[in-house]
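Overview (structure and organization)
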Amino acid sequence: MRVLVVEDSRSLAEVVAEGLRDQGMAVDVAYDGLAAAARIDVHAYDVVVLDRDLPGIHGDTLCQMITERDERAMVLMLTAAGEPGDRVSGLTLGADDYLAKPFHFPELVLRVRSLARRRPAARARTLRAAGIELDPVRRTVLRDGRPLELSVKEFAVLEALLRAGPGFLSAEQLLEQVWDENADPFTNTVTVTIGRLRRKLGAPPVITTTTGVGYRIAGDDAVGPGPGPGPGRAEGRSGSSA
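Below is a short write-up of the structure. (Residues numbered from 1 in each chain as written. Predicted model: local features only at pLDDT ≥ 70, side-chain atom pairs only at ≥ 80, totals over all residues. Heavy atoms only, no water.)

1. A closer look at the pairing of strand S2 (residues 26-30)
Burial within S2 is extensive, with 5 of its 5 residues counted as buried. Alternating positions in S2 separate into two faces, Ala 26, Asp 28 and Ala 30 on one and Val 27 and Val 29 on the other, with burial throughout. Pairing of strand S1 (residues 2-6) with S2, which is carried by 5 bridges, proceeds in the parallel orientation. The residue of S2 that forms the bridge with Leu 4 is Asp 28. (Buried < 20%, exposed > 50% of the residue type's maximum accessible area, 1.4 Å probe, protein only. Helix = DSSP H or I, 4+ residues; strand = E, 2+ residues; numbered from the N terminus. Pairing = 2+ DSSP bridges.)

Quick look at the structure:
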C-alpha cells in the first residue's frame, strides 16, 4: 500500500509517516499543497492523509483535485477543527473520511487500512495463490496452513506480488509500491528481500523470475485487485534471480 502524508507541520508529518512505515506501508511526505499536487501527478497512491489547512494549495482544493482524477486515491482529511459542521464540509468536498486533531495513532492506522480496502477495484481481503494465504488486515501469512513470520518489507513484497497476480512486477515497480520515492533505483534491496522471502516460503518455490520482465507468484489461483501489469508496465531493469 502506498500512502501520501500531506501535513505542513514537519514534526507531525514525520511522526505519522514513520508510524505508517512501521506498519508496512510505503509512505511519501509533502509539506504543502504544491508539493503534494506534484507527487500525485507522478505516483499512484492508495490513500492520501491530508491536512486541511495547507500553504500553497489549500487542502480543500487539493481534495477536490484528487477526487476528480480518473484513478483517484482515497482521502483521509485531518484538521484541528472537529465540529460537526467542519466534518460535514470536509466530506462534502469529496474526502472519504475525516479525523480531528489530536488523534489516536492506532485509529489513524485503522482508518487508512479501511480506506485502502474501500478503494475502487479492491478485491477480497484474503489473497491466495500457490498455497499462500495472506490477510493484509490481520497481517498474517500461511503457506500450506503453516504460519510464517515475515518482516515488514517481506510481507509488503509478498502482498504486492499476490495483488499483481498472475502478472509480473519489475524491481522498479516493487520499489515504487513497497518502498517510497527516496528508494535508490540502483539498490539491490529488492533482490535481497525476494531472496529472504523465497527462503521463508520454502519448497516448492513459488516466486519466479523472468529476465527483462520481473517477478511473479507461480500458480493459476492468484487473487489480486485486477489484471496484471499489462503491456509496457513491466518494462525496465529486470528483476534478477535472488
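From this point, the narrative continues.
2. Points about the pattern of salt bridges
Per the stated rule, a full pass over the model turns up 16 salt bridges. Linking Arg 2 and Glu 176 is a salt bridge whose minimum nitrogen-to-oxygen distance equals 2.9 Å. In this pair, Arg 2 is assigned in strand S1 and Glu 176 in helix H7 (residues 171-178), connecting sequence segments 174 residues apart. Salt-bridge contacts for Glu 18 lead to Arg 21; the nearest nitrogen and oxygen are separated by 2.5 Å. Here Glu 18 pairs with Arg 21, and both are found in helix H1 (residues 10-22), just 3 residues apart, close to one helical turn. Several salt bridges share partner residues, and in doing so they unite Arg 2, Asp 28 and Glu 176 into one network. (Salt bridge = Lys/Arg side-chain N within 4 Å of Asp/Glu carboxyl O.)

3. Topic: the sheet that holds S1
The parallel open sheet is built from 5 strands, whose spatial order is S2-S1-S3-S4-S5. Two strands close off the open sheet at either side, each with one partner strand: S2 and strand S5 (97-100). Ignoring strand direction, the axes of neighbouring strands in this sheet form an average angle of 20°. Across 5 bridges, the pairing between strand S3 (residues 47-51) and strand S4 (residues 74-79) is parallel. Following the sheet pairing, Asp 51 is matched in S4 by Leu 78. Helix H5 (residues 105-118) contacts S1, S3, S4 and S5 of the sheet and is inclined by roughly 155° relative to S4. (Axes fitted to C-alpha atoms, helices over the stretch in contact; angles between N-to-C directions. Contact = heavy atoms within 4.5 Å.)

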